[in-house]
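Here are the chains, one letter per residue:
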Amino acid sequence: MAYSEKVMDHFANPRNVGEIPDASGVGEVGNPKCGDIMRMYIKVDGDVISDVKFKTFGCGAAIATSSMATELIKGKKIEDALKLTNKAVMEALDGLPPVKVHCSVLAEQAIKAAVADYYKKKGIDPGPLVGEIPECESCACDLH
């Protein structure tokens, strides 16, 4: 598999790795069977994601997509972060091999899960705002 220079850079030098102890929202997505699990932490000030961190257990592409996703939403309004698609993450990384596309889907879902948790903590039903966060069914579990 050929990875872009950006994928390799975000894998070797991931941005925003870690935890936020007093996170406004935490989302975890993935499937232990496929080996990719992402946990995303967000800190929200007003309606802006002022800080974001991640911890990912998975392949290099999973780490790179997590890193890029955090870069793309940091400093953005929640509503803009929710618009981030897996395609935008892949484009920002100059592409991914087809068998690794599910990693970008997990990154998108991790952001949505963290925002959903934030809304739940505020007593707001996240469903209408965040949408459905599907289970990790599209994983290419036998391709890791």
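Our structure is the block above this text.
Parameters at a glance
Residues numbered from 1 in each chain as written. Predicted model: local features only at pLDDT ≥ 70, side-chain atom pairs only at ≥ 80, totals over all residues. Heavy atoms only, no water. Helix = DSSP H or I, 4+ residues; strand = E, 2+ residues; numbered from the N terminus. Rg over C-alpha atoms; globule rule 2.2 N^0.38 Å. Buried < 20%, exposed > 50% of the residue type's maximum accessible area, 1.4 Å probe, protein only. Contact = heavy atoms within 4.5 Å. Areas by Shrake-Rupley, 256 points an atom, 1.4 Å probe, with all protein chains shown as cover. Lys, Arg positive; Asp, Glu negative; His and termini not counted. Charge placed at Lys NZ, Arg CZ, Asp CG, Glu CD. Expected span 1.5 Å × (residues − 1).

**Considering the overall build of the protein chain**
A tally of helices and strands in the protein chain yields 6 helices and 3 strands. Ordered by position from the N terminus, the helices and strands of the protein chain form the series α-β-β-β-α-α-α-α-α. Radius of gyration (C-alpha) of the protein chain: 14 Å, near the 15 Å computed for a compact globule of 144 residues. By its C-alpha atoms, the protein chain is 45 × 30 × 25 Å across when sized along the principal axes. Every one of the 144 residues in the protein chain was classed for burial, and the buried ones make up 49%. Counting contacts in the protein chain only where the partners sit at least 6 residues apart, residues at least 24 apart contribute 61% of the total. Summed over its atoms, the accessible surface of the protein chain is roughly 7,200 Å², and 52% of this surface lies on carbon and sulfur atoms. Both charge centroids of the protein chain, one from 17 positive and one from 21 negative side chains, sit 3 Å from each other.

**Digging into unusual backbone geometry**
In this structure, Asn 16 takes a positive phi of about 60° despite not being glycine. Classification of Asn 16 as buried rests on a relative accessible area of 13%. Despite not being glycine, Asp 94 has its phi angle at roughly 60°, a positive value. Within the element layout of this structure, Asp 94 appears in the loop between helix H4 (86-92) and helix H5 (101-121).

**A look at the environment of Val 44**
One can find Val 44 in strand E2 (residues 36-45). Excluding anything up to four places from it in sequence, Val 44 contacts Ser 24, Ile 49, Ser 50, Ile 78 and Tyr 118.

**Some words on helix H2 (residues 60-73)**
For H2, built from 14 residues, the straight-helix expectation of 20 Å at 1.5 Å per residue is met to within 8% by its first-to-last C-alpha distance of 20 Å. Burial runs high along H2: 11 of the 14 residues are buried. All of the buried residues in H2 are Ala 61, Ala 62, Ile 63, Ala 64, Thr 65, Ser 66, Ser 67, Met 68, Ala 69, Thr 70 and Ile 73. Looking at the buried positions of H2, the neighbouring elements they touch are helix H1 (5-12), E2, strand E3 (48-57), helix H3 (78-81), H4 and H5.

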